[in-house]
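Residues per chain are reported as follows:
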Amino acid sequence: MKPAPVIRYLDTHKSFKRPVLSGVNLEIHEGEMFALFGPSGTGKSVLLKTTIGLVVPDRGDVEVRGESLYHGARGILDTVRKQVGYVFQYAALFDSMTVYDNVEMGLPEDRLRRMPKTEVARAVWDALELVNLDPREVMSVLPAELSGGMKKRVGIARAIVGRPRILLWDEPTTGLDPVNTAAIERLIRRLSRELRVTSVLVTHDVEGALWMCGRVAMLEGGSIRFCGTPDEFQTEADPVVRAFVDRAAAEAALDVVEMS
Ligand SMILES: Nc1ncnc2c1ncn2[C@@H]1O[C@H](COP(=O)(O)OP(=O)(O)O)[C@@H](O)[C@H]1O
Ligand SMILES: [Mg+2]
């Protein structure tokens, strides 16, 4: 028997002024590293946000480990949120808070209240070390004093400090140069393995994701246009997918030219 999927989007719909998600069906498996592609503005962030209730679908549902988030028991969203680490686009750190306080924010409130101060400090320290930052150096620093790559690492530390079982990565390398992009991608891969999590990675770095992920999907026009292995994706005949793959390859080539 096939194991129950970790995340399941079931005919997920969401409109703002116009329809954004118009029936997304997708399953994410236990322990996999999954990439979600799509042109910008297609609703990738909106879809990730429905996984933790930051966006509530108009219709359809999302299930996490078999639990219905929107048609199930009350309080299920709170329970699910504690299992999910979310790496926000642009790191989204609090400017007036130190790195320490920013990372601490990643611990669920009720756990934070129960944990002794020393245990909190240990968790923050470990999270910073896991993302290759020196806790002594960065702990009391404000985000403004950090480089772009370091800010991303702090955002990742905040997402993993509570040791989630699922990690959602929303464009974790956007705005980074190719060298920093490669470093963050190595980090994503290592963390996903070491922490034994299920990862969903939204990225425009298609080349990087094809190398890292076991399965990939493309969101287009409000639904899943493609879902399969990286090999299948690169040889897919659907002209919409082809155009996307070709454009991604051209952009990657451009990056290499800019570097040299
Ligand atoms: N909170 C919101 N209020 C209104 N419109 C939104 C909101 N969040 C997203 N949108 C719209 O939904 C569409 C998809 O957004 P998004 O998921 O951020 O795209 P992307 O695929 O680039 O991540 C965009 O047109 C965006 O303007
Ligand atoms: Mg987005």
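Here, the structure is the one placed above.
Summary of the structure given here.

## Describing unusual backbone geometry
(1) Moving on: A positive phi is found at Arg65, a non-glycine position, where the angle reads about 50 degrees.
(2) Moving on: In this structure Arg65 comes out as partly exposed when scored by relative accessible area, which is 26%.
(3) Moving on: A positive phi angle is found at Asn132, which is not glycine, with a value near 65 degrees.
(4) Moving on: For Asn132, the position within the fold is in the loop between helix H5 (117-130) and helix H6 (135-138).

## What about helix H8 (residues 178-194)?
(1) Moving on: The first and last C-alpha atoms of H8 sit 24 Å apart over 17 residues, in line with the 24 Å expected at 1.5 Å per residue.
(2) Moving on: Taken together, the buried positions of H8 are occupied by Thr181, Ala183, Ile184, Glu185, Leu187, Ile188, Leu191 and Ser192.
(3) Moving on: On its buried face, H8 sits against strand S3 (33-37), H5, helix H7 (148-160), strand S7 (166-170), strand S8 (198-202) and helix H9 (206-212).
(4) Moving on: For H8, the N-terminal capping position is held by Asp177, with its side-chain oxygen 3.0 Å away from the main-chain nitrogen of Val179.

## Some remarks on the packing of aromatic side chains
(1) Moving on: Taken as a whole and judged by the stated rule, the model has five aromatic pairs.
(2) Moving on: A ring pair is formed by Phe226 and Phe233, whose centres lie 5.1 Å apart and whose planes are at 55 degrees; its orientation type is tilted.
(3) Moving on: Counting every residue linked through ring pairs, the aromatic cluster contains Phe37, Phe226, Phe233 and Phe244.
(4) Moving on: One Lys or Arg, Arg189, reaches over the ring of Trp211 and ends 4.4 Å from the middle of that ring.

## Details of the pattern of salt bridges
(1) Moving on: Applying the stated criterion to the full structure yields 14 salt bridges.
(2) Moving on: Ionic pairing is found between Lys14 and Asp58, a salt bridge with its closest N-O pair at 3.4 Å. You can see Lys14 sitting in strand S1 (residues 7-15) and its partner Asp58 sitting in the loop between helix H1 (44-50) and strand S4 (59-64), a full 44 residues away along the chain.
(3) Moving on: Take Lys14: its relative accessible area is 13%, and that puts it in the buried class.
(4) Moving on: Notably, a salt bridge pairs Arg215 with Glu32, separated by 2.7 Å at the nearest N-O pair. Of the two residues, Arg215 is situated in strand S9 (residues 215-220) and Glu32 in the loop between strand S2 (19-28) and S3; the sequence distance between them amounts to 183 residues. Here Arg215 matches Glu32 in class, with each residue buried.
(5) Moving on: Salt bridges here are not isolated pairs; linked through shared partners, they connect Arg8, Glu27 and Glu63.

## Side note on the site of ligand 1
(1) Moving on: With respect to spatial proximity, the complete set of residues near ligand 1 consists of Phe16, Arg18, Val20, Pro39, Ser40, Gly41, Thr42, Gly43, Lys44, Ser45 and Val46.
(2) Moving on: The separation between an oxygen atom of ligand 1 and a polar side-chain atom of Arg18 is 3.0 Å.
(3) Moving on: A distance of 2.7 Å separates an oxygen atom of ligand 1 from a polar backbone atom of Gly41.
(4) Moving on: Look at ligand 1: alone it shows 560 Å² of surface, and the protein chains cover 57% of it.
(5) Moving on: Tallying contributions element by element places H1 first for the shell around ligand 1, with three residues.
(6) Moving on: The residue inventory of the shell around ligand 1, partitioned by class, reads four nonpolar, five polar and two charged.

## Considerations on the packing of H7 against H8
(1) Moving on: Axis separation between H7 and H8 bottoms out at 11 Å; the angle between their running directions is 15 degrees. Between H7 and H8, the interaxial angle falls into the category roughly parallel. As for how H7 packs across H8, the hand of that crossing is right-handed. Across the interface between the two elements, Gly149, Lys152, Arg153, Ile156 and Ile160 from H7 touch Asn180, Ala183, Ile184, Leu187 and Leu191 from H8.

Definitions and limits used
Residues numbered from 1 in each chain as written. Chains lettered and ligands numbered in written order. Predicted model: local features only at pLDDT ≥ 70, side-chain atom pairs only at ≥ 80, totals over all residues. Heavy atoms only, no water. Buried < 20%, exposed > 50% of the residue type's maximum accessible area, 1.4 Å probe, protein only. Helix = DSSP H or I, 4+ residues; strand = E, 2+ residues; numbered from the N terminus. Expected span 1.5 Å × (residues − 1). Contact = heavy atoms within 4.5 Å. Polar contact = N/O pair within 3.5 Å; in protein donor to acceptor, adjacent residues only side chain to side chain. Phe/Tyr/Trp six-rings, centres within 6.5 Å; stacked < 30°, edge-to-face > 60°. Lys NZ or Arg CZ within 6 Å of the ring centre and 35° of its normal. Salt bridge = Lys/Arg side-chain N within 4 Å of Asp/Glu carboxyl O. Near = heavy atom within 4 Å. Areas by Shrake-Rupley, 256 points an atom, 1.4 Å probe, with all protein chains shown as cover. Nonpolar A, V, L, I, M, F, W, Y, C, P; charged D, E, K, R; others polar. Axes fitted to C-alpha atoms, helices over the stretch in contact; angles between N-to-C directions. Parallel < 35°, antiparallel > 145°, perpendicular 65-115°, else oblique. Left-handed = near helix turned anticlockwise from the far one by under 90°.

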